[in-house]
Amino acid sequence: MKLTRVQFIGLFLFVVSTLGGLIGTFYGIYSSLAGLDAAESAGIGAVGDGIQNALISSAAGFIGSILGILLLVIGTIKRSKS
């Protein structure tokens, strides 16, 4: 089965967004743990930036994946009507 252009873009966006969000989440958690290790005291200031980065990258990956799925579905519907 050959993918249409819209389907291909949707699939590509889904895969890249999912992996980007996952890698960003890992980096955010890593920087949180590194900040906790470097801090004198265990407080929110030591881990806050890393947790913020992890949450933002997870949300961005989630939103991009949803858009990719929508494009894939739209391309499939258009293809089936033709």
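Structure's up top.
Right, let's talk about the side chain of Ser-57 for a bit. With respect to the helices and strands, the residue Ser-57 is situated in helix H2 (residues 44-81). Within polar-contact distance, the side chain of Ser-57 engages the backbone oxygen of Gly-24 at 3.4 Å. Discounting residues that sit within four places of it in the chain, Ser-57 has contacts with Gly-21, Gly-24 and Thr-25.

This paragraph deals with H2. Turn by turn, an α-helix covers 3.6 residues, leaving residues three or four places apart pointing in a common direction. With 38 residues, H2 extends 54 Å between its outermost C-alpha atoms, agreeing within 8% with the 56 Å of an ideal straight helix rising 1.5 Å per residue. Among the residues of H2, Val-47, Gly-50, Ala-54, Ser-57, Gly-61, Gly-64, Ser-65, Gly-68 and Gly-75 are the ones counted as buried. Where H2 is buried, its residues touch helix H1 (5-38).

Moving on, we get to the side chain of Ser-65. Take Ser-65: it is sitting in helix H2. At 2.8 Å, the side chain of Ser-65 forms a polar contact with the backbone oxygen of Gly-61. Leave out the neighbours within four places in its chain, and Ser-65 touches Phe-14, Ser-17 and Thr-18.

This paragraph deals with the packing of aromatic side chains. The tally for this structure, following the rule as stated, stands at 1 aromatic pair. Arranged with centres 6.5 Å apart and planes meeting at 20°, the rings of Phe-8 and Phe-12 form a pair that is stacked. Taken together, the residues Phe-8 and Phe-12, both in helix H1 and 4 residues apart, mark about one turn of the helix. For the residue pair Phe-8 and Phe-12, the accessibility class agrees, reading exposed in each case.

Attention now moves to the packing of H1 against H2. Remark: H1 packs on H2, axes separated minimally by 7 Å, with the N-to-C direction vectors making an angle of 170°. What the angle tells us is that H1 and H2 run roughly antiparallel.

About the thresholds
Residues numbered from 1 in each chain as written. Predicted model: local features only at pLDDT ≥ 70, side-chain atom pairs only at ≥ 80, totals over all residues. Heavy atoms only, no water. Helix = DSSP H or I, 4+ residues; strand = E, 2+ residues; numbered from the N terminus. Polar contact = N/O pair within 3.5 Å; in protein donor to acceptor, adjacent residues only side chain to side chain. Contact = heavy atoms within 4.5 Å. Expected span 1.5 Å × (residues − 1). Buried < 20%, exposed > 50% of the residue type's maximum accessible area, 1.4 Å probe, protein only. Phe/Tyr/Trp six-rings, centres within 6.5 Å; stacked < 30°, edge-to-face > 60°. Axes fitted to C-alpha atoms, helices over the stretch in contact; angles between N-to-C directions. Parallel < 35°, antiparallel > 145°, perpendicular 65-115°, else oblique.

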